[in-house]
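One-letter residues, chain by chain:
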Amino acid sequence: MPRATELDLPFLDIGQDWFAADPYPHFAAAREQHPWLATSPFGYLINDYKAIREFFHSEDQYAPPYGGLLDVMQAHGTAWGRFQTNHMLAISGDKHQRLRAILAPSFTPRQANKNRDVMREVISDLLDEWVPKGGFDFEEFASYFPITVMCRLIGQSPEAIQPIRSSLETLGLSVCMDPNFLPQLEEATLVLEKFVGQFVADRRAGKRLSDTEDLLDLLLKNQEEGGLDDAELENILIFLFVAGYDTSKNILTIMMSLLADRPEMFARCGESIDYCRKVIRETFRHMSTAPALRMLGRDWEYRGVVLPKDSMIWFPLNVIGRDPRVAENAETFDPDRVHTNPPIPFGLGAHICLGQYIAKAQLEEGLHLIAQRITNLRSTGPAGWRPYPGTWGIKGLPIAFDPAEAKVSEVAH
């Protein structure tokens, strides 16, 4: 049985700017050479939807790859490196299950729905502030939405966002695989460590925004009961702030870019939150944000090929939906399509994204109200691109539009 190292596999240079600008034809060409496997400067890519699902269902055979990431980034012994090897996506086994059990009750579908009022308040306030301008960089606008919601859920003032915004933006590029970027990552990590340390100290001193119990109260209670140590609490808080800032902002920007060329669809989003759900689901298939990556814990035999132990494995969840084996007319953006192969933007298995229900609810509420307040949407300039490794997406989306008054929103359940 051949080893992957012995095969003439297609090579995808995923770290290049030109690749990030349009990765789809490169993945399609790779599938012509090999139906499911390719190489890159940073490991192997599983280039097939069914293979990705099968790998995720065998997650006990591999681990998060953050040790390998630190090798590439030359980051051992740094604050950023410590965070990367100890956050929720980096740990496994009993520790991961313990921390996940602490957080899970706050991230259920029921909890996400209970927080829809907060989401509507936040996006409405942002629209009241930004819409009168008649145009802005939508990526910048979108960056304030999910992180403000997270601040509300965790009991932090949204005024705290601005001083740490650039650090959150930087840490969103943690998996860029470019060691030249390490100094910025290190500085951003230190800023956020100081920020969450002060946040926790203020809460312990009795400083709080309201008497309503929030997620930080839950975490501090678990710490008092011995369920968390100081480092775990700090890592969870930094992870929540980074996750609350980056991925939802990027997928919302991608959606807006797609809808700018489809005015009838955009108008329907303002009329029906059910249609918003369809648009979001189709966006996840058509063009999403983050690939996943893992490290093999042993030699892995799959479809007649042996992948060697300690290989870094990439799962391109963000582009796999346009494989014609996944969907008919895969290049067509069609919110009304029936998804025979459901999109998997949040991963699968033990490390499936805890925040997926909050993210979906935010996107639904945000898109619905944005489409009511912004009419005659136009894109006014070219968009740049974030690096493909990590949280891929659009970098800057200037738009112009005609402002509209707020309407009474549907209540989603």
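In the block above lies the structure referred to throughout.
As the structure is a prediction and not an experimental result, all values here were calculated from the model.

1. Quick notes on the environment of Lys 95
- Mapped onto the elements, Lys 95 comes out in helix 6 (residues 93–103).
- Residues Lys 95 and Tyr 44, 51 residues apart in the sequence, show an inter-C-alpha distance of 28 Å.
- Apart from the residues within four sequence positions on either side, Lys 95 is in contact with Asn 86 and Glu 232.

2. Some words on the environment of Gly 390
- One can find Gly 390 in the loop between strand 10 (384–385) and strand 11 (394–395).
- A relative accessible area of 9% places Gly 390 in the buried class.
- Through-space distance from the C-alpha of Gly 390 to that of Lys 221 is 33 Å; in sequence the pair is 169 residues apart.
- If we skip the residues at most four places from it in the chain, Gly 390 touches Val 175, Thr 289, Ala 290, Pro 291 and Trp 314.

3. Remarks on the packing of aromatic side chains
- By the definition in use, this model includes 21 aromatic pairs.
- Each ring, one from Phe 284 and one from Phe 346, has its centre 5.4 Å from the other, and the planes form 75 degrees; the classification is edge-to-face. Residue Phe 284 is found in helix 16 (residues 273–286), and its partner Phe 346 is found in the loop between strand 8 (312–315) and helix 17 (356–373); the two are separated by 62 residues along the sequence. Considered together, Phe 284 and Phe 346 belong to a single accessibility category, that of buried residues.
- Grouping aromatic residues by their ring pairs yields a cluster made of Trp 18, Phe 19, Tyr 24, Phe 27, Trp 385, Tyr 388 and Trp 392.
- Taking the ring centre of Trp 130 as reference, the NZ or CZ of Lys 133 above it sits at 3.9 Å.
- Taking NZ or CZ as reference, Arg 322 lies 3.5 Å from the ring centre of Tyr 24, over its face.

4. As for the packing of helix 8 (residues 116–130) against helix 9 (residues 138–154)
- Helix 9 packs onto helix 8 with a crossing angle of 145 degrees between their chain directions and a minimal axis gap of 9 Å. Seen from above, helix 8 lies across helix 9 with right-handed handedness. Residues Val 118, Met 119, Glu 121, Val 122, Ile 123, Leu 126, Leu 127 and Trp 130 of helix 8 pack against Glu 140, Phe 141, Tyr 144, Phe 145, Thr 148, Val 149 and Arg 152 of helix 9.
- Partitioned by chemical class, the residues of the contact of helix 8 with helix 9 number 11 nonpolar, 1 polar and 3 charged.

5. Focus on helix 8
- When the terminal C-alpha atoms of helix 8 are compared, their 21 Å separation across 15 residues agrees well with the 21 Å that a helix rising 1.5 Å per residue should span.
- Those residues of helix 8 that sit buried are Arg 116, Val 118, Met 119, Arg 120, Val 122, Ile 123, Leu 126, Leu 127 and Trp 130.
- Looking at the packing, one finds that the buried side of helix 8 touches helix 7 (109–114), strand 4 (135–137), helix 9, helix 16 and helix 17.

6. Brief notes about the sheet that holds strand 9 (residues 374–379)
- Read from one edge of the open sheet, 3 strands run 4-12-9, paired in antiparallel fashion. Bordering the open sheet on either side are strand 4 and strand 9, each of which pairs with just one other strand. Neighbour-to-neighbour, the strand axes of this sheet turn through a mean angle of 25 degrees, independent of strand direction.

7. Topic: the nonpolar core
- Core analysis: the biggest nonpolar cluster contains 119 residues, and Phe 138, Ile 370 and Ile 374 have the highest contact counts within it.
- At 11 residues, the largest contribution of residues to this core is made by helix 9.
- Residue contacts for Phe 138: discarding those within four places in its chain leaves Leu 252, Thr 253, Met 256, Ile 370, Leu 397 and Ile 399.
- If you look at the next biggest cluster of nonpolar residues, it comprises 25 residues, including Ala 4, Phe 55, Tyr 62 and Ile 344.

The rules behind the values
- Residues numbered from 1 in each chain as written.
- Predicted model: local features only at pLDDT ≥ 70, side-chain atom pairs only at ≥ 80, totals over all residues.
- Heavy atoms only, no water.
- Helix = DSSP H or I, 4+ residues; strand = E, 2+ residues; numbered from the N terminus.
- Contact = heavy atoms within 4.5 Å.
- Buried < 20%, exposed > 50% of the residue type's maximum accessible area, 1.4 Å probe, protein only.
- Phe/Tyr/Trp six-rings, centres within 6.5 Å; stacked < 30°, edge-to-face > 60°.
- Lys NZ or Arg CZ within 6 Å of the ring centre and 35° of its normal.
- Axes fitted to C-alpha atoms, helices over the stretch in contact; angles between N-to-C directions.
- Left-handed = near helix turned anticlockwise from the far one by under 90°.
- Nonpolar A, V, L, I, M, F, W, Y, C, P; charged D, E, K, R; others polar.
- Expected span 1.5 Å × (residues − 1).
- Pairing = 2+ DSSP bridges.
- Core = buried A, V, L, I, M, F, W, Y, C linked by side-chain atoms within 4.5 Å.

Honestly, it's all geometry; don't read function into it.
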